[in-house]
Amino acid sequence: MRDLSALPNLNIALIQTTLAWHDRQANLEHFEQLLEQARGADLIILPEMFTTGFSMQSETLAEAENGPTSKWLRVQAAKLDAVITGSVIVQAADGSHRNRLLWARPDGEVLHYDKRHLFRMAGEHNHYTPGERQVQFELKGWRIRPLICYDLRFPVWSRDAQDTDLLLYTANWPGARRQHWNRLLPARAIENLCYVAAVNRIGTDGKGFAYTGDSQVLDFQGETLLSAGEADGVFQVVLDAAELAAYRTRFPANLDADTFEFT
């Protein structure tokens, strides 16, 4: 059994900002400036579809799997010596379009997670193919599991059966459902006995939908460690592995969790 308390602390940075509608180059230039403010972080988290905004124009906006954003992320990750992650519109090798989170490591490797739950109220299920599997990444010994926006509403998919230390949500979550975002995130932290980091955008998209941010980091009891409100900028916090290990020892509710299989 691994000794979680022996892990180094994890410095994470959340970038909450506006997005230029359907303008990849403008967004990449904007984020490149903001990334400099995140220097020193181990993990830097960007919003969902950070190069386009939340768009259903997958056929015209999709990039190849090793497209320009993937290459840009590798360059930035190496420059900052940090993992950088966020989702983009990708055309997979099988021709399907995916809302894909890219996990760019400073050594040049890019891993990914495809959004499982597609937001049918916007027609996302008509333009994208859902992901088939959960994934878990490791950083400095921390086990990190990424999810995307609408995935937050589905506790079975968010459920930790893999000893996850940090659940990560990247999103374009409209202000109209702000209350849901702020209530569901603490629930995911409490029920999974882990930290939660969630990054949302601000501003108004090309369809006129307003986004109110509320990017945040929560501890394993759902307590707020960082809250960005509606501000534009880069927000950093350090996660303490020893505190997580101590809480799991005091309150091992995971030992009584139900088992199940995904179908």
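Heads up: the structure comes first, above all this text.
Computed from a prediction, not measured in an experiment: that's the story for all the values here.

Visitor: Describe the state of the cysteines, naming the residues involved and giving the relevant values.
Guide: Considering all chains together, one arrives at zero disulfides under this definition. Left unpaired, Cys 149 is separated from the closest cysteine sulfur, that of Cys 194, by 18 Å. Cys 149 gets classed as buried once you look at its relative accessible area, which sits at 8%. For Cys 194, a relative accessible area of 0% puts it in the buried group.

Visitor: Which residues make up the nonpolar core, and what values go with them?
Guide: Grouped together as the largest cluster of nonpolar side chains are 49 residues, with contacts concentrated most on Ile 12, Leu 43, Trp 103, Ile 144 and Leu 239. In terms of residues, this core owes the most to one element, strand 10 (residues 195-199), which gives five residues. Beyond its immediate chain neighbours, meaning those up to four positions away, Ile 12 contacts Ala 41, Leu 43, Ala 197, Val 217, Phe 235, Gln 236, Val 237 and Leu 239. Counting 23 residues, the second largest nonpolar core, distinct from the first, contains Leu 28, Trp 72, Ala 77 and Ala 82.

Visitor: Which residues make up the sheet that holds strand 10, and what values go with them?
Guide: Here we have six strands laid out as an open sheet, ordered 7-8-9-10-13-14, and mixed in their pairing. Both outer strands of the open sheet, strand 7 (137-139) and strand 14 (224-227), are each paired with one neighbouring strand and no more. Direction aside, neighbouring strands of the sheet carry axes that sit 20° apart on average. Looking at chain direction, strand 8 (residues 142-148) and strand 9 (residues 166-170) are connected through five bridges and run parallel. The residue bridging Ile 144 from the neighbouring strand is Leu 166, located in strand 9.

Visitor: So what's going on with the environment of Asp 165? Residues and values would help.
Guide: Position of Asp 165 relative to the elements: it lies in the loop between helix 5 (155-158) and strand 9. For Asp 165, a relative accessible area of 0% translates into the label buried. Setting aside its immediate chain neighbours within four residues, Asp 165 contacts Arg 2, Leu 4, Gly 141, Trp 142, Arg 143, Cys 194, Tyr 195, Leu 244 and Arg 248. Reaching out from Asp 165, the side chain makes a polar contact with the side chain of Arg 2 at a distance of 2.7 Å. A polar contact is formed between the side chain of Asp 165 and the side chain of Arg 248, at a distance of 3.2 Å.

The rules we used
- Residues numbered from 1 in each chain as written.
- Predicted model: local features only at pLDDT ≥ 70, side-chain atom pairs only at ≥ 80, totals over all residues.
- Heavy atoms only, no water.
- Disulfide = S-S within 2.5 Å.
- Buried < 20%, exposed > 50% of the residue type's maximum accessible area, 1.4 Å probe, protein only.
- Core = buried A, V, L, I, M, F, W, Y, C linked by side-chain atoms within 4.5 Å.
- Helix = DSSP H or I, 4+ residues; strand = E, 2+ residues; numbered from the N terminus.
- Contact = heavy atoms within 4.5 Å.
- Pairing = 2+ DSSP bridges.
- Axes fitted to C-alpha atoms, helices over the stretch in contact; angles between N-to-C directions.
- Polar contact = N/O pair within 3.5 Å; in protein donor to acceptor, adjacent residues only side chain to side chain.

So yeah, pure geometry; function would need other evidence.
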